[in-house]
Amino acid sequence: MHDPSKSRRLFLAGGAAGLGAAIAGGRAAAQADRGPVPTGPVGRPEPKLEEEPPLSLDRQLGWAVVGLGDYAQGYVLPALARARRSRAVALVSGNPEKAKRVAARYGVGENALYGYDTMDRLAGNDAVGVVYIVTANATHAELTVKAFEAGKHVFCEKPMANSPAECQRMIDAAKAAGRKLMIAYRAHWEPHNLRAKAMLDSGALGQIWFASSDHHRPLDPSLPRDQWRMKRDVAGGGSLVDIGIYSLNGLQWFLGESPNAVAATMQAPPGDPRFAEVENVFSAELAFPSGRRATISSGYTASKKRIDLWGDRLVATLDPATAYQGNRLVVSNAKKAEEILTEETSAAQFTGEIDHFSQAVTEGTEVRTPGEMGLRDVRLIEALYRAARERRWLDLNPDMTVREA
């Protein structure tokens, strides 16, 4: 399996060409030493696989995917098809015809298709071990509870829910069912993020007193996936909830601590129907118990996903930081900038989080991103919205609730 901690330096064009010539010359010399190339079929030794092969089907944990929108079809189901420990064995959708078409593409039998109103029938499907909730934010709590009542483990997209009370309901349902709950913070398995985290923890970046993170993407009302995001009751908020959560969760993960005070502002352009109910730009300052400071911003008009870790030896810049593919890590100081290349691509984040949960379920181990982390972040989001409304700094308790005066 590839080691995401490995890296190499990018060569300038001339250097790369010289390196290529040296490799080609070395290959020619080596071939001359070995003699002529055989022209007929020859036996070969067992290859050294770059990645471990998948487990046998009987050892892979079955997953039911709930919600068949763009993200589920474009990333979740393909990731399950690539995973080592996990596979899709059931689908849940409000559109039966769409479910049949998707099922045919991924080899899911029509007897394993369910509606949102028939999820209780999952209890009778022993092939399903995990239910993956990939639906609008406002539905997470209800569907999660249904899955636990059917006796399944739950993997839920972020944000966990629209309120701390809903998050707590999900956690309580998991405990009552004796099942595991994990929130899909995929960047914790993204190779470039892992490399930056390893550099920070090892001290390679030096002391960090400041960090920043900016997550913006255009909101397009012509797309079904964005239409519900314009409705506060469904989405729970605007850009902060949708993509700002990458900044909030990511900075806490990198720095290893949560803020103890926050200040914030938000903006919704007048006359733009996209922002009749939710904010466009949200910005915040975060103060941490260690004395560190951070800023975050999110927005629904520009396009950027970036994290900067400002060390006194090196600055680590992830840009893009949390895209579905093509993420990059560059470290720099006043004299040079160097791109750190990982052996795994950004696609590893999807299979990584899925197989991690399957392994935790199968082996009875703890998950990296549990429901308690999701609750913490939803409490922090709630505090940030309050800080923006009241236009003042708010002190926070360790559980991210607001400390009242």
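This text goes with the structure placed above it.
Report on the accompanying structure. Keep in mind that what you see is a predicted model, and the values were worked out from it rather than measured. The numbering scheme is per chain: residues are counted from 1 as the chain's sequence reads. Per-residue local features of the predicted model are confined to residues with pLDDT of at least 70, and side-chain atom pairs are confined, for both listing and counting, to 80 or more; whole-chain, interface and lining totals are unaffected and use all residues. As a convention, hydrogens and water are excluded, and side-chain values are obtained from all of the structure's heavy atoms.

Some remarks on the layout of surface pockets
The probe, sized like a water molecule, is rolled over the atoms to show the empty space still left. Residues are said to line a cavity or pocket when one of their atoms sits within 4 Å of a point; the points come from a 1 Å grid over protein atoms alone, cavities being sets where a 1.4 Å probe fits but cannot get out and pockets being open sets with protein on both sides within 12 Å along at least five of seven lines. Grid points are joined across faces, edges and corners, and a volume is the space filled by probe spheres set on the points. Taken as a whole, the largest pocket holds about 1100 Å³ of empty space. For this classification, Asp, Glu, Lys and Arg are treated as charged, while Ala, Val, Leu, Ile, Met, Phe, Trp, Tyr, Cys and Pro are nonpolar and the rest, including Gly, are polar. Tallied by class, residues from the lining of the largest pocket come to 20 nonpolar, 10 polar and 12 charged.

Quick word on helix α3 (residues 96–106)
Think of it in three bands: residues with accessible area under 20% of the maximum for their type are buried, residues over 50% are exposed, and the middle band is partly exposed, with areas taken using a 1.4 Å probe on protein chains only. Each helix is a run of H or I in the DSSP string that is no shorter than four residues. Each strand is a run of E no shorter than two, and both are numbered from the N terminus. Those residues of α3 that fall on the buried side of the exposure criterion are Ala99, Val102 and Ala103. Buried residues along α3 cover an arc of 105° about the axis, so they all sit on one side. Of the exposed residues in α3, the ones pointing more than 90 degrees away from its buried face are Arg101, Ala104 and Arg105. By definition, residues are in contact when any of their heavy atoms lie within 4.5 Å. The elements touched by buried residues of α3 are α2 (70–82), β2 (86–92) and β3 (113–114). In protein, a polar contact means a hydrogen-donor-capable atom and an acceptor-capable atom, both N or O and within 3.5 Å, with residues adjacent in sequence counting only if both atoms are side-chain atoms; elsewhere, any N or O pair within 3.5 Å suffices. Two or three places before Glu97, at the opening of α3, Asn95 has a side-chain oxygen 3.2 Å from that residue's backbone nitrogen. What the arc measures is the spread of directions leading from the helix axis to the C-beta atoms.

Considerations on the side chain of Glu157
Structurally, the position occupied by Glu157 is in the loop between β5 (153–156) and α5 (164–177). Side-chain polar atoms of Glu157 contact the side chain of Tyr132, separated by 2.5 Å. Ignoring any residue separated from it by four or fewer positions in sequence, one finds Glu157 in contact with Tyr71, Tyr132, Ile133, Val134, His140, Ile183 and Ala184.

Comments concerning unusual backbone geometry
Trans peptide bonds make up the majority, and among non-glycine residues the majority have a negative phi. The peptide bond linking Lys158 to Pro159 adopts the cis configuration, its omega dihedral lying at -10°. Along the chain, Pro159 falls in the loop between β5 and α5. With an omega dihedral of -5°, the bond running from Asp319 to Pro320 counts as a cis peptide bond. Relative to the assigned elements, Pro320 resides in the loop between β12 (315–318) and β13 (329–332). Residue Arg391 is not a glycine yet carries a positive backbone phi of 55°. Along the chain, Arg391 falls in the loop between α11 (371–390) and β15 (394–395). Here the phi dihedral of Met400 falls at roughly 75°; this positive angle occurs in a residue that is not glycine. For Met400, the position within the fold is in the segment after β15. When its relative accessible area of 1% is taken as the criterion, Met400 is described as buried.

Some words on the pairing of strand β9 (residues 281–287)
The pairing criterion for strands is at least two bridges between them, as found by DSSP. Taken together, the seven bridges between strand β8 (residues 261–267) and β9 define a ladder with antiparallel strand orientation. Residue pairing in the sheet places Gln267 in a bridge with Val281 of β9. Relative to strand β10 (residues 293–299), β9 is paired through six bridges, and the arrangement is antiparallel. Looking at the pairing, Phe282 lines up with Ser298 of β10. With antiparallel pairing between neighbouring strands as the criterion, β9 and β10 make up a hairpin whose turn holds five residues, including Gly291 at a positive phi of roughly 100°.

Looking at the packing of aromatic side chains
Only Phe, Tyr and Trp rings take part, Trp by its six-membered ring, and two of them pair if their centres are within 6.5 Å. Stacked means planes under 30 degrees apart, edge-to-face means over 60, and tilted covers everything else. Applying the stated rule across the entire model yields 15 aromatic pairs. Pairing Tyr71 with Tyr324 gives two aromatic rings, centres 5.5 Å apart and planes at 50°, and the pair type is tilted. One end of the pair, Tyr71, is in helix α2; the other, Tyr324, is in the loop between β12 and β13, and 253 residues separate them in sequence. Taking the relative accessible area as the measure of exposure, Tyr324 reaches 33% and is therefore partly exposed. Connected via pairs of aromatic rings, a cluster forms that spans Trp63, Tyr132, Phe155 and Phe357.

A word on the nonpolar core
Buried together is how nonpolar side chains tend to be arranged in soluble globular proteins. Definition of nonpolar core: a set of buried residues of the types Ala, Val, Leu, Ile, Met, Phe, Trp, Tyr and Cys, connected through side-chain atoms within 4.5 Å. Counting 107 residues, the largest nonpolar core has Leu309 and Leu384 as the members making the most contacts within it. Excluding residues within four positions of it along the chain, Leu384 makes contact with Leu240, Leu248, Val262, Ala264, Phe282, Ala284 and Leu286. Counting residues in hydrophobic clusters, the runner-up holds five residues, among them Leu219, Met230, Phe275 and Tyr300.

Overview of the sheet that holds strand β7 (residues 208–216)
Strands sit in the order β14-β13-β12-β11-β7-β10-β9-β8-β15 across an open sheet of nine strands; the sheet is mixed. Each edge of the open sheet is held by one strand with a lone partner, namely β14 (337–340) and β15. As paired elements, strand β11 (residues 304–311) and β12 share four bridges and run antiparallel to each other. Considered in β12, the bridge of Asp308 is made with Thr317. Only the stretch in contact is used when fitting a helix axis, every axis being a line fitted to C-alpha atoms; angles between N-to-C directions are given from 0 to 180 degrees. Its contacts with the sheet place helix α9 (residues 239–255) against β7, β9, β10, β11 and β12, and it is angled at close to 155° to β10. The sheet contacts of α11 involve β8, β9 and β15, and relative to β8 the element is tilted by about 65°.

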